[in-house]
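Residue-level listing of the chains:
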Amino acid sequence: MKAQELKDKTPDQLKEQLLSLKKEAFNLRFQQATGQLESTARMRSVRRDVARVKTILNQKAAEAAASN
């Protein structure tokens, strides 16, 4: 997932994306705890995607506050 793709989305779409990424991260942690996790690298990429989405949301909120 690229940051530019996220910048083109609306805040509601970003919040939806964030929710799905958090669910996926939870499922990956659960799989790791039970020994069923196949790709540990996916945990890292999901965690970074969550951070990327949060960053874009904060930037959009700052822009909205600055324009008011």
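This text goes with the structure placed above it.
It should be emphasised that the depicted structure is a prediction, and the values quoted were computed from it without experimental measurement. Residue numbers here run from 1 along each chain, matching the order of that chain's written sequence. pLDDT decides what is reported in this predicted model: residues at 70 or higher carry local features, side-chain atom pairs at 80 or more are listed and counted, and totals for whole chains, interfaces and linings draw on all residues regardless. Values reported for side chains reflect all heavy atoms of the structure, with hydrogen atoms and water molecules removed beforehand.

Participant: Describe in detail the packing of aromatic side chains, supporting the description with residues and values.
Facilitator: Pairing of aromatic side chains requires ring centres within 6.5 Å, counting the rings of Phe and Tyr and the six-membered ring of Trp. Pairs whose planes differ by under 30 degrees are stacked, by over 60 edge-to-face, and all others tilted. One pass over the full model with this rule turns up 1 aromatic pair. A centroid spacing of 6.0 Å and a plane angle of 40° characterise the contact between phenylalanine 26 and phenylalanine 30, whose relative ring orientation is tilted. Pair noted here: phenylalanine 26 and phenylalanine 30 are both in helix H2 (residues 11-34), with a separation of 4 residues, about one helical turn. The cut-offs for exposure are 20% and 50% of the maximum accessible area for each residue type, with area from a 1.4 Å probe on protein chains only; residues under the lower value are buried, those over the upper are exposed, and the others partly exposed. The exposure class of phenylalanine 26 is partly exposed, given its relative accessible area of 46%. Accessibility expressed as a relative area gives 51% for phenylalanine 30, which makes it exposed. Every helix listed is a DSSP run of H or I at least four residues long, and every strand listed is a run of E at least two residues long, numbered separately from the N terminus.

Participant: So what's going on with helix H3 (residues 40-67)? Which residues, and what values?
Facilitator: In this analysis, the expected span of each helix is defined as 1.5 Å times one less than the number of residues it contains. Taking 1.5 Å as the rise per residue, H3 with 28 residues should run 40 Å; its terminal C-alpha atoms sit 42 Å apart, in good agreement. Along H3, the residues classified as buried are Met43, Val46, Asp49, Val50, Val53, Ile56 and Leu57. Contacts were defined at the residue level, with two residues in contact if any of their heavy atoms lie within 4.5 Å. Tucked inside the fold, the buried residues of H3 contact helix H1 (3-7) and H2.

Participant: Summarise the packing of H2 against H3; cite the residues concerned and give the values.
Facilitator: Two packed helices can be described by the angle between their axes and the distance between those axes. Interaxial angle, 0 to 180 degrees, is taken between N-to-C directions of lines fitted to C-alpha atoms, where a helix line uses only the stretch in contact. Where H2 meets H3, the closest approach of the two axes is 9 Å, and the angle between their N-to-C directions is 155°. Classified by the angle between their axes, H2 and H3 sit roughly antiparallel to one another. The handedness of the crossing between H2 and H3 is left-handed. Within the contact between the two elements, H2 uses Pro11, Leu14, Lys15, Gln17, Leu18, Leu21, Lys22, Glu24, Ala25, Leu28, Arg29 and Gln32 and H3 uses Arg42, Met43, Val46, Asp49, Val50, Val53, Lys54, Ile56, Leu57 and Lys60. Residues were grouped as follows: Ala, Val, Leu, Ile, Met, Phe, Trp, Tyr, Cys and Pro as nonpolar; Asp, Glu, Lys and Arg as charged; and all remaining residues, including Gly, as polar. Class assignment of the residues belonging to the contact of H2 with H3 gives a composition of 12 nonpolar, 2 polar and 8 charged. These descriptions rest on fixed angle ranges, namely under 35 degrees for roughly parallel, over 145 for roughly antiparallel, 65 to 115 for roughly perpendicular, and the rest for oblique. In this scheme the handedness of a crossing depends on how the near helix is turned from the far one: anticlockwise by less than a right angle means left-handed, clockwise means right-handed.

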